[in-house]
Amino acid sequence: MKIGVVVHGPEIVDSGYALRILEFMEDYGEVKARLGGTMGRTAVIDSNLEGRIDISQKLLPSQSIDLLSQDGQDIIVLINYGKSSVTGQAFGYKVYSHCLPHIPLIQIERPGEEDGSVVAWRADLQELATEMARKLGLKTVSAQKIRDSIEKSDPCWKESQRICRNIAGVSPDENIFVNGIVVGRSTSHDVALVAENGVITQLIGGELKEHGVEKLGKVDLERAIIKTGLLRKSRVKPRILPSEKNGSKLMVSYLSHAAEDIYRLRNADVVVTVGDDTTLVAADILYRFNVPIIGITDGDLDKVVEEGFKADGSMVVELESGWDDIIGEKIFLELFKGSETIEIVNMENFKNKILQIIKKINPHYQVRYT
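These notes cover the structure that comes with them. Note that the structure is a prediction, hence the values are computed from the model and not measured.

With respect to the overall build of the chain
- Tallying secondary structure elements over the chain gives 11 helices and 21 strands in all.
- Computed over C-alpha atoms, the radius of gyration of the chain comes to 22 Å, within 12% of the 21 Å expected from 2.2 N^0.38 for 370 residues, which places it in the range of a compact globule.
- For the chain, the C-alpha atoms occupy an extent of roughly 70 × 45 × 35 Å along the three principal directions.
- The buried share of the chain, taken over its 370 residues, is 50%.
- For the chain, contacts bridging at least 24 residues in sequence account for 61% of all contacts bridging at least 6.
- Averaged over its 45 positive side-chain charges, the chain has a centre that lies 2 Å from the centre of its 54 negative ones.

Here's what the structure looks like:
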């Protein structure tokens, strides 16, 4: 049997279960694995599993599933380690609804936990799912039961241009991410997002972050990637990978959006990042490629990872609230001339040019890290 495995999220990798399940599935046939989503990529690198799990493309979980199915795999196994069985099973439901019709999908959720489960999202796979659950020491959960539970408890509706999307399994005081940007914080267990004409206007059961909504812009709320809590909780020592930098030139890139593919900047000599969350996430990822960042922030930080890292040579400038985007745009226009990547001669001179721009516009700043 040809088996495709889609690995989603850092927790399933950090826990060691991604490798265990890959080895377990080899008892059933030839296994081909790829990542689904983006936040698991650093975990795959840190665990030295990029030879086993394909991380070469930035794909949604449903896209990875479709790709493996089209590649001729007999079954696809989605492995995930959600915050709870509720969030994990709701995630599987959402992913399967976005896949091509009749994909032969089995989900293994939260292996090793008391509420860990195996779900056959296609009815004819129930016998195989039951056998896998028995061998893994997990329980089986009916896909129909999950569908009924979600559809019954979902308070959301769609009428005209107004869309409401329920978020399952949220705890109070958690970040709410939409496509990688924090748009608010929960204040209860019952949370939903409301969008009108593509713009998020309300966070039911939470406090909306207007600045995050502005950064996000228009969004297809029904298809958006929504996460809650921390993007990565495990404290795993980062693994430093070699880069392919050209020693004769210094390449500087500009990044203003944490949801962009940060990994494409792995061969830059330095990356200018705008915004607190963008700076934190980019610095942590680029640390693995020994790429320093120059962060333009305003202290409006949402804790998105348990512990972040910065490469040597990094500098973080903290401005007064609301000034990071203004300064970032000025740097982009004056130094980058509207280009994403530029060449420079001297790094310290470049840092000084940034500080000079900041001083002219708003002299109230602090260099927090250098």
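Quick word on the packing of helix α10 (residues 324-334) against helix α11 (residues 347-361)
- One way to put it is that α10 packs onto α11 with a least axis distance of 10 Å and a crossing angle of 130 degrees. When the axis of α10 is compared with that of α11, the two are oblique. Viewed along their axes, α10 and α11 form a crossing whose handedness is right-handed. From α10, I327, K330, I331 and E334 reach across to α11, where they touch I354, I357, I358 and I361.

Remarks on helix α9 (residues 276-286)
- Among the 11 residues in α9, 11 count as buried, and that is most of the element.
- D276, D277, T278, T279, L280, V281, A282, A283, D284, I285 and L286 are the residues of α9 that are buried.

Looking at the sheet that holds strand β5 (residues 105-109)
- Strand order in the open sheet formed by seven strands is β3-β2-β1-β4-β5-β6-β7, with mixed pairing between adjacent strands. Across the chains shown, the open sheet's two edge strands, defined by having one partner strand only, are β3 (53-54) and β7 (139-140).
- Two elements, β5 and strand β6 (residues 117-120), share four bridges in a ladder whose sense is antiparallel. Each bridged residue has a counterpart across the sheet, and for Q107 the counterpart in β6 is V119.

Examining unusual backbone geometry
- Positive phi, normally seen in glycine, also occurs at N48, with a value near 60 degrees.
- Inspection of the secondary structure puts N48 in the loop between α3 (41-46) and β3.
- You will see that D173, though not glycine, has its phi angle at about 65 degrees, which is positive.
- Considering the arrangement of structural elements, one finds D173 in the loop between β9 (162-167) and β10 (175-178).
- Owing to a relative accessible area of 52%, D173 belongs among the exposed residues under this scheme.

Concerning the packing of aromatic side chains
- Here the structure, examined in full by the defined rule, presents eight aromatic pairs.
- With a centroid separation of 5.9 Å and 25 degrees between ring planes, the pair formed by Y96 and W121 is classed as stacked. With Y96 in helix α5 (residues 85-98) and W121 in the loop between β6 and α6 (126-136), this residue pair connects regions lying 25 residues apart in the sequence. The pair formed by Y96 and W121 is uniform in burial state, with each residue classed as buried.
- Aromatic rings pair up to connect Y254, F332, F336 and F350 into one cluster.
- Over the ring of Y17 we find R20; its NZ or CZ atom is 4.4 Å from the centre of that ring.
- Residue placement shows R41 over the ring face of Y263; its charged tip is 4.2 Å from the ring centre.

With respect to the sheet that holds strand β14 (residues 206-208)
- A sheet is described by the order of its strands in space; here four strands give the open sequence β14-β11-β10-β15, paired in antiparallel fashion. The open sheet is flanked by β14 and β15 (226-228), the only strands paired with a single partner. Between one strand axis and the next, the sheet turns through 30 degrees on average, direction left out of account.
- Relative to β14, strand β11 (residues 181-186) runs antiparallel, the two being bridged by three bridges. Residue pairing for β14: R185 is matched across the bridge by E207.

Calculation notes
- Residues numbered from 1 in each chain as written.
- Predicted model: local features only at pLDDT ≥ 70, side-chain atom pairs only at ≥ 80, totals over all residues.
- Heavy atoms only, no water.
- Helix = DSSP H or I, 4+ residues; strand = E, 2+ residues; numbered from the N terminus.
- Rg over C-alpha atoms; globule rule 2.2 N^0.38 Å.
- Buried < 20%, exposed > 50% of the residue type's maximum accessible area, 1.4 Å probe, protein only.
- Contact = heavy atoms within 4.5 Å.
- Lys, Arg positive; Asp, Glu negative; His and termini not counted.
- Charge placed at Lys NZ, Arg CZ, Asp CG, Glu CD.
- Axes fitted to C-alpha atoms, helices over the stretch in contact; angles between N-to-C directions.
- Parallel < 35°, antiparallel > 145°, perpendicular 65-115°, else oblique.
- Left-handed = near helix turned anticlockwise from the far one by under 90°.
- Pairing = 2+ DSSP bridges.
- Phe/Tyr/Trp six-rings, centres within 6.5 Å; stacked < 30°, edge-to-face > 60°.
- Lys NZ or Arg CZ within 6 Å of the ring centre and 35° of its normal.

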